[in-house]
Structures are given as C-alpha cells and as structure tokens.
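Working through the structure, step by step
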Amino acid sequence: KQWYQRRVAITAGIKGRVTDFKGSPMTGVTITVSGVSKTIKVRHPEGYFWRPLLKGTYNISASKPGYYPLSRRNIEVMENESTVVPFILIAKKPSQVRRKARRRKRSM
C-alpha cells in the first residue's frame, strides 16, 4: 500500500504555466498548495510547473514580488491524473512596489 501511495503521488498532481498579462512566461514564481508544507518555485524558462499531489481538493496560489498574488480554490486532483492549473499574474504599479519596499526598509 505504501508503494502504491508513492506511485500515485508521482503520477497525480497539478501542472500548468505561469505567464504575465502579456502572455510572457514567468520564472521565480512561488506555487503554494494548501495543506502541503513545501512550496515550489517555477524555474522552467517557459513558466511551466508540476507538483505531485495525492487525490484530493486543494487551494493553490501563485505569487512573486512585484505582482498581485493569484489563488485558485477547490482544485480537484484525481488519482493518476494531472490537473491543469494556469496562472496569469498582473504586475503591480511601480509606485505600489516602491512604497512597499520603503515600508520594509523603515521597519528593519
């Protein structure tokens, strides 16, 4: 049974691509899955990611500094299948990013 659970974790999960609003691929994006302690970073130059998961329902988020985070709720992962979860992140206005950076520097 333990071997089977590992096999399911390898063949089932989420996959997708992260792009910006213009459709350009993004790297360095953090993908977070509810109930799973480890996050993943998108490293593929075309913005693709894959995260093995057991069968279940998850909330999945994508975030990167300088962009608004995006969450997808109630994503169902089926046994032996990869569920496609695309993300399109929208850049914050440069003035919003600068304000946040100044606040962080002041609090240090």
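Residues numbered from 1 in each chain as written. Predicted model: local features only at pLDDT ≥ 70, side-chain atom pairs only at ≥ 80, totals over all residues. Heavy atoms only, no water.

Take the packing of aromatic side chains next. Inspection of the entire model under this criterion finds one aromatic pair. On the basis of an interplanar angle of 40° and a centroid distance of 6.2 Å, the ring pair of F49 and F87 is categorised as tilted. Here F49 is found in strand β4 (residues 48–52), whereas its partner F87 is found in strand β8 (residues 87–89), with 38 residues between them in sequence. (Phe/Tyr/Trp six-rings, centres within 6.5 Å; stacked < 30°, edge-to-face > 60°. Helix = DSSP H or I, 4+ residues; strand = E, 2+ residues; numbered from the N terminus.)

Taken together, the side chains of F21, Y68, I88 and I90 make up a nonpolar region of the molecular surface, amounting to roughly 440 Å² of accessible area. The residue Y68 is located in the loop between β5 (56–63) and β6 (70–77) in this model. Look at Y68 and you get partly exposed, because its relative accessible area is 38%. (Patch = residues over 30% accessible without salt bridge, like charges linked within 9 Å, V, L, I, M, F, W, Y side chains within 5 Å. Areas by Shrake-Rupley, 256 points an atom, 1.4 Å probe, with all protein chains shown as cover. Salt bridge = Lys/Arg side-chain N within 4 Å of Asp/Glu carboxyl O. Buried < 20%, exposed > 50% of the residue type's maximum accessible area, 1.4 Å probe, protein only.)

Put simply, the chain has an average pLDDT of 85, and 77% of its residues get 70 or more. Ranking the elements of the chain by mean pLDDT puts helix α1 (residues 2–11) last with 52 and strand β2 (residues 30–33) first with 98. (pLDDT = per-residue confidence, 0-100.)

Let's shift gears to the sheet that holds β2. As summarised here, the arrangement of the four strands in space is β3-β2-β5-β6, forming an open sheet in which the pairing is antiparallel. Each edge of the open sheet carries a strand with a single partner, namely β3 (40–41) and β6. Alignment of β2 against β3, held across two bridges, turns out to be antiparallel. Its bridge partner lying in β3, T30 is registered against K41. (Pairing = 2+ DSSP bridges.)

Looking now at the pattern of salt bridges. For the structure on display, the rule yields one salt bridge. A salt bridge links R17 to E46, with the nearest nitrogen and oxygen atoms 3.3 Å apart. One end of the pair, R17, is in strand β1 (residues 13–20); the other, E46, is in the loop between β3 and β4, and 29 residues separate them in sequence. With relative accessibility at 38%, the residue E46 sits in the partly exposed group.

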